[in-house]
Amino acid sequence: MTPPATTATEQPTPITEAPDASLESAATTPAPDIEPTAATDAATAVDPTALVDPSPWAGLIGVAQERLSVFTEVGGPVLASLAVLSVVAAAIILVKLWQFARLRIDARAPVDEALLLWHQRDVHGALRKLEERPQPVSRVVHLALVGLRHPKLDLTLLREEIARVASLQLEQLRSHLRALEIIAALSPLLGLLGTVLGMIEAFRQLEQAGAQVDPSILSGGIWQALLTTAAGLTLAIPVVIAHSWLERRVERCGHRMEDAVTRVFTRDLAGAEDEAAIPEQTAARAPVDPAPETGAAALITPRVEYAS
C-alpha cells in the first residue's frame, strides 16, 4: 500500500513555542535589595587625602631627598658627618633656648623689687618676692637674705656658700655650650679634610686616564672636593654666632648675680650714702663759722710791746 498523497493546498502549520514562564517571572519580579558589603564600601569610598592635592609638597620632598642623596654620594662620609653635626648643633641650640626661656634669666623685676624692700628694712617682703622664682639671680639673692637673717652666722661661711651656689647655677647655664664650641671648631676642619680627600681622588682618576686626559675629570673632582669645605663653613658660621650669643647671656647673668649679692651685703653703706645726700642733714653736719665781731670788741687792738 502506498501512503495517500498530499494535496498542494495543504500548508504546514507553524509551531510556536510558548514563552518560558521562568523568564517572564524573572522579568516581572523586582530585584531584591543588595546589602552593601566591605568590598563595595572599599570600592566606592572616597579617600580624604585625594581631595588635597599633594603635588607641591611631594615635589619639594622629592627634590630635597634627591639633592641630599646627591650631596651624600658626592661628599662621602665627610659630608655625612657634617650633616650629623648640624643636627646635633640645632638640637643643642633649641634646648638652650628652651632652658633660658623657662628660667627667665633676663628678668630683672623680681630681684630689683626685692632689693628695694631689703633697703627699706622689709626683710619678709623681700623674701616673699624671691620665693619660688626660677631665675638663678633670684635664688642666689634669696640665699643671701636668708643667711643674713641669722646674726650668729659667720659672714665668711655665708659668702662661700653663696659663691658655691652661684657657681653651680652658672655651670648649669653653660651646659652643652662646650659641645657647640667643638662643633664650630671641628666643622671647617672636616670640610678641609673632605677637600683634600677629593683632590686626591681627582688626581688618582687623572693618573688612571693616562694619555687620554679629560679636563672634565679634574674639574669635576675639584668641585666635588670644594663642596665639603663649603658645607663645613656653612655649618660653622651660624654655630659660632649662636655659641657667642648664648655665652654672652650667661656672662650677663653672672654679672647681675654678683651685683645683686654685693648690694645685699652693702645695705648699711647704701643707707649712709642716702642720708648724706639729704641737704638738711648735710647742712646740719657742716661746721659753723664764728660770726664776725662787731661794736666795741672790734675796736680793741692788740697791745704790741717793743723790746727795749
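Residues numbered from 1 in each chain as written. Predicted model: local features only at pLDDT ≥ 70, side-chain atom pairs only at ≥ 80, totals over all residues. Heavy atoms only, no water.

### Concerning the packing of helix α7 (residues 136-148) against helix α8 (residues 155-173)
Packed helices, taken two at a time, are described by the angle their axes make and the gap between the axes. Threshold: Here the axes come from fitting lines to C-alpha atoms, over the contacting stretch only for helices, and the angles between their N-to-C directions go from 0 to 180 degrees. Where helices and strands are cited, they refer to DSSP runs of H or I of at least four residues and of E of at least two residues respectively, numbered from the N terminus. Here the word oblique covers every angle except those under 35 degrees (roughly parallel), over 145 (roughly antiparallel) and from 65 to 115 (roughly perpendicular). Helix crossings get a hand from a simple test, with the near helix turned counterclockwise from the far one by less than a right angle marking a left-handed crossing and a clockwise turn marking a right-handed one. It only takes one pair of heavy atoms within 4.5 Å for two residues to be counted as in contact.
It is the contact of α7 with α8, at a shortest axis distance of 10 Å, that shows an interaxial angle of 165°. Regarding the angle of α7 to α8, the classification is roughly antiparallel. Seen along the crossing, α7 lies across α8 with a hand that is right-handed. Between α7 and α8, the residues in contact are Pro136, Arg139, Val140, Leu143, Ala144, Gly147 and Leu148 and Leu155, Leu158, Glu161, Ile162, Val165, Ala166, Gln169 and Leu173, respectively.

### Description of a nonpolar patch on the surface
The condition that has to hold: For patch building, the residue pool is restricted to those with more than 30% relative accessible area and no salt bridge; the joining distance is 9 Å between like charges and 5 Å between nonpolar side chains (Val, Leu, Ile, Met, Phe, Trp, Tyr). All accessibility values rest on the Shrake-Rupley procedure with a 1.4 Å probe; residue burial counts only the protein chains present in the view. Only one rule defines a salt bridge in this text: a Lys or Arg side-chain nitrogen within 4 Å of an Asp or Glu carboxyl oxygen. Each residue is assigned to one of three classes by its accessible area relative to the maximum for its type, calculated with a 1.4 Å probe on protein chains only: buried under 20%, partly exposed between the two thresholds, exposed over 50%.
Residues Leu192, Leu193, Val196, Leu197 and Ile200 make up a contiguous nonpolar surface patch of about 450 Å² in total accessible area. Inspection of the secondary structure puts Leu197 in helix α9 (residues 177-209). Its relative accessible area of 46% is what places Leu197 among the partly exposed residues.

### Description of the nonpolar core
The following threshold applies: In this description, a nonpolar core means a group of buried Ala, Val, Leu, Ile, Met, Phe, Trp, Tyr and Cys residues linked to one another through side-chain atoms lying within 4.5 Å.
Grouped together as the largest cluster of nonpolar side chains are 45 residues, with contacts concentrated most on Val141, Leu145 and Leu173. Looking at this core, the elements with two or more residues in it are α4 (77-103), α5 (109-119), α6 (123-130), α7, α8, α9 and α10 (215-265). Top element by residues in this core is α10. It accounts for 11 residues. The contact partners of Val141, leaving out residues within four places of it in the chain, are Val111, Leu115, Leu130, Ala260 and Val264.

### Section: the confidence of the model for the chain
Stated formally: The pLDDT value tells you how sure the predictor is about a given residue, anywhere from 0 up to 100.
Per-residue confidence for the chain gives a mean pLDDT of 73, with 61% of residues at or over 70. Per-element confidence in the chain ranges from a low mean pLDDT of 40 for helix α13 (residues 296-299) to a high of 92 for α4. In the predicted structure, residues 274-288 sits below a pLDDT of 50 and forms 3 contacts with residues beyond four places in sequence or in another chain. Overall, residues 295-308 carries pLDDT values under 50, and its contacts beyond four positions in sequence, including any with other chains, amount to 1 contact.

### A word on unusual backbone geometry
Located in the positive-phi region is Arg121, a residue other than glycine, with phi close to 65°. Take Arg121: it is sitting in the loop between α5 and α6. A positive phi is found at His176, a non-glycine position, where the angle reads about 70°.

### A short note on the pattern of salt bridges
Evaluation of the coordinates by the stated rule reveals 8 salt bridges. With a shortest N-O distance of 3.3 Å, Glu181 and Arg178 are connected by a salt bridge. Of this pair, Glu181 and Arg178 both sit in helix α9, 3 residues apart, which is roughly one turn of the helix. Looking at Arg178, the relative accessible area reads 59%, which means it is exposed. The closest approach of N and O atoms between Arg263 and Asp259, which form a salt bridge, is 3.8 Å. Taken as a pair, Arg263 and Asp259 lie in helix α10 at a separation of 4 residues, close to a single helical turn. Classification of Asp259 by relative accessible area gives partly exposed; the value is 44%. Through salt bridges with shared partners, a single ionic network connects Asp106, Arg249 and Arg256.

### Some details on the environment of Gln169
Position of Gln169 relative to the elements: it lies in helix α8. Exposure remark for Gln169: the relative accessible area of 9% places this residue in the buried category. Taking the C-alpha atoms as reference points, Gln169 and Val140, 29 residues apart in sequence, are found 8.7 Å from one another. When residues no more than four places from it in sequence are discounted, the contact partners of Gln169 are Pro136, Arg139 and Met257.

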